[in-house]
Amino acid sequence: MRSLRYYEERKLLIPTRLENGYRDYAESDIEKVQFIQLYFSLGLRAKEIMDFFDCLFQNGEKQQCLPNAIEIGERKLAEMKSQIELLRKAESQLEDSLFRWKQLISRTEEPT
């Protein structure tokens, strides 16, 4: 609930208000919340996410938002590719270590 209020404060979600003051979220807000959470988890700031929103969810002219969204997207994609490469190296090293360690154990457990 706190997250939804934060998203609303940052103008990432704009629910309608019912007469009793309750927020009324649209079905499309579910997709927006998933998008917001994904991009926050990738390290984007609210302003950067808003730039993506302008291109993804805006019903009007999208041409103006594209250069900034492309720049942010390309930068984040480069960061992700770098992280993936680092994870692949770590994965390979760990697999090699586990293989060697298991061989050592199997050698010490063999009867002499």
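Residues numbered from 1 in each chain as written. Predicted model: local features only at pLDDT ≥ 70, side-chain atom pairs only at ≥ 80, totals over all residues. Heavy atoms only, no water.

Digging into the nonpolar core
General note: in soluble globular proteins, nonpolar side chains tend to be found buried as a group. Worth spelling out the cut-off: To form a nonpolar core, buried Ala, Val, Leu, Ile, Met, Phe, Trp, Tyr and Cys residues must be joined to one another through side-chain atoms within 4.5 Å. Burial classification: accessible surface area is computed with a 1.4 Å probe over protein chains only, and a residue below 20% of its type maximum counts as buried, one above 50% as exposed, and the rest as partly exposed. A run of H or I in DSSP becomes a helix once it reaches four residues, and a run of E becomes a strand once it reaches two; helices and strands are each numbered from the N terminus. Contacts are assigned to residue pairs that have any heavy atoms within 4.5 Å of one another.
Membership of the largest hydrophobic core comes to 13 residues, with the highest contact counts inside it found for Tyr-7, Leu-12, Phe-35, Ile-36, Leu-44, Ile-49 and Phe-53. Contributions of two or more residues to this core are made by helix 2 (28–41) and helix 3 (46–56). When neighbours within four sequence positions are excluded, Phe-35 is seen to be in contact with Ile-49, Phe-52, Phe-53, Leu-56 and Phe-57.

Focus: helix 4 (residues 66–109)
Note the threshold: Multiplying 1.5 Å by the residue count of a helix minus one yields the expected span of that helix.
Over its 44 residues, helix 4 runs 63 Å from end to end, which matches the ideal 64 Å to within 8%, given 1.5 Å per residue. Within the sequence span of helix 4, burial applies to Ala-69, Ile-72, Lys-76 and Ser-97.

Observations concerning the pattern of salt bridges
The line we're drawing: By salt bridge we mean one thing: a side-chain nitrogen of Lys or Arg within 4 Å of a carboxyl oxygen of Asp or Glu.
Applying the stated criterion across every chain, the model contains seven salt bridges. One salt bridge connects Arg-17 with Glu-8, and the closest N-O pair in it is separated by 3.5 Å. By relative accessible area, Arg-17 is classed as partly exposed at 46%. For Glu-8, a relative accessible area of 19% translates into the label buried. For Arg-75, the salt bridge goes to Glu-79, with nearest N and O atoms at 3.8 Å. Separated by four residues within a single helix, Arg-75 and Glu-79 lie in helix 4, roughly one turn from each other. A relative accessible area of 32% means that Arg-75 is categorised as partly exposed.

Focus on the side chain of Lys-32
Note the threshold: Counted as positive: Lys and Arg. Counted as negative: Asp and Glu. His and the chain ends are not counted at all.
In this fold, Lys-32 is placed in helix 2. Put simply, Lys-32 is tucked away with no salt bridge, and the nearest opposite charge, on Asp-29, sits 4.2 Å away. Residues contacting Lys-32, with those up to four places away along its chain left out, are Leu-12, Leu-13, Phe-53 and Phe-57.

Without other data, these values stay purely geometric and don't point to any function.
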